[in-house]
Amino acid sequence: MNKDLESLISYLLHSVNQTHVFHLQTKSYAEHMALGAYYDGVSDLLDGLVEGYQGKHDIIKQYDNFKLESYSSKSQLESYLKALSTNVKKTHSKVKETFIQNQLDTIDELINSTLYKIRFLA
């Protein structure tokens, strides 16, 4: 079992709800669309990550909880997405299985694509 990866999974699952809240509260159409694409996309990616991990190891029995924040600004979104990416990269180096590393890379790609849309298109 990899506790670092399991904690990241909890954080990424939380990101689905957190970005959905941001999506519903922003007044920017571009942010709204970028965040919607993120939470739709990451849900499927997480499902594959968790199923692969659990198939190799065991069922995750404990998930962490995080408090939801209200939308305040574009810079808040940027900070949030950068923190997600940092956590994915940090955990990536602690994972041995290349198939899980590849899934983390795909999730990080989605995070950074969303960050691009927020930074330059919103």
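In what follows, the structure referred to is the one given above.
Note that residues are indexed from 1 along each chain, following the sequence as it is written. Only residues with pLDDT of 70 or above have their local features reported here, since the model is predicted, and side-chain atom pairs are shown and tallied only from 80 upward, although totals for entire chains, interfaces and linings are computed over all residues. Water and hydrogen atoms play no part in the side-chain values, which are based on all heavy atoms of the structure.

Asker: Quick one: what's the story with the nonpolar core, residue by residue and with numbers?
Answerer: Working definition of a nonpolar core: buried Ala, Val, Leu, Ile, Met, Phe, Trp, Tyr and Cys residues. They are joined through side-chain atoms within 4.5 Å. Relative accessibility thresholds used throughout: buried, under 20% of the residue-type maximum; exposed, over 50%; partly exposed, between the two (1.4 Å probe, protein chains only). Ranked by internal contacts, the top residues of the largest apolar core, which has 30 residues, are Leu-5, Leu-12, Tyr-38, Leu-84, Leu-104, Ile-107 and Ile-111. Of the residues forming this core, the biggest block, nine residues, is contributed by helix α2 (residues 29–56). Contacts are residue-level and defined by heavy atoms, with any inter-residue pair within 4.5 Å sufficient. Among all residues touching Tyr-38, those that are not within four sequence positions of it are Leu-12, Ser-15, Thr-19, Leu-84, Leu-110, Ile-111 and Thr-114. Working definition: helices are DSSP H or I runs of at least four residues, strands are E runs of at least two. Numbering for both runs from the N terminus.

Asker: Now, about a negative patch on the surface: what can you tell me, with residues and values included?
Answerer: Surface patches are defined over residues having more than 30% relative accessible area and no salt bridge, joining like charges when they lie within 9 Å and nonpolar side chains (Val, Leu, Ile, Met, Phe, Trp, Tyr) when within 5 Å. Note on areas: Shrake-Rupley with a 1.4 Å probe; residue coverage comes only from the protein chains shown. Between Lys or Arg on one side and Asp or Glu on the other, a salt bridge is scored when a side-chain nitrogen of the former is within 4 Å of a carboxyl oxygen of the latter. For the charge count, each Lys or Arg is scored as positive and each Asp or Glu as negative, with His and the chain ends excluded. Every charge is mapped to an atom, namely NZ of Lys, CZ of Arg, CG of Asp or CD of Glu. Residues Asp-40, Asp-44, Asp-47 and Glu-51 make up a contiguous surface patch of negative charge. Along the chain, the position of Asp-40 falls in helix α2.

Asker: Please provide a residue-by-residue account of the packing of aromatic side chains, values included.
Answerer: Here a pair means two rings of Phe, Tyr or Trp (six-membered ring of Trp) with centres within 6.5 Å. Their orientation is stacked below 30 degrees between planes, edge-to-face above 60, and tilted elsewhere. In this structure the tally under the stated criterion is four aromatic pairs. For the pair Phe-22 and Tyr-71, a centre-to-centre distance of 6.4 Å together with 75 degrees between the ring planes defines the contact as edge-to-face. Here the residue Phe-22 occupies a position in helix α1 (residues 3–25), and Tyr-71 occupies one in the loop between α2 and α3 (74–92), the gap between them amounting to 49 residues. Residue Phe-22 is classed as buried on the basis of its relative accessible area, which comes to 0%. Relative to Tyr-80, the ring of Phe-22 has its centre 5.7 Å away and its plane inclined at 85 degrees; by these criteria the two rings are edge-to-face. Of the two residues, Phe-22 is situated in helix α1 and Tyr-80 in helix α3; the sequence distance between them amounts to 58 residues. We note that Phe-22, like Tyr-80, is buried. An aromatic cluster is defined as three or more aromatic residues linked by ring pairs; in this entry it consists of Phe-22, Tyr-71 and Tyr-80.

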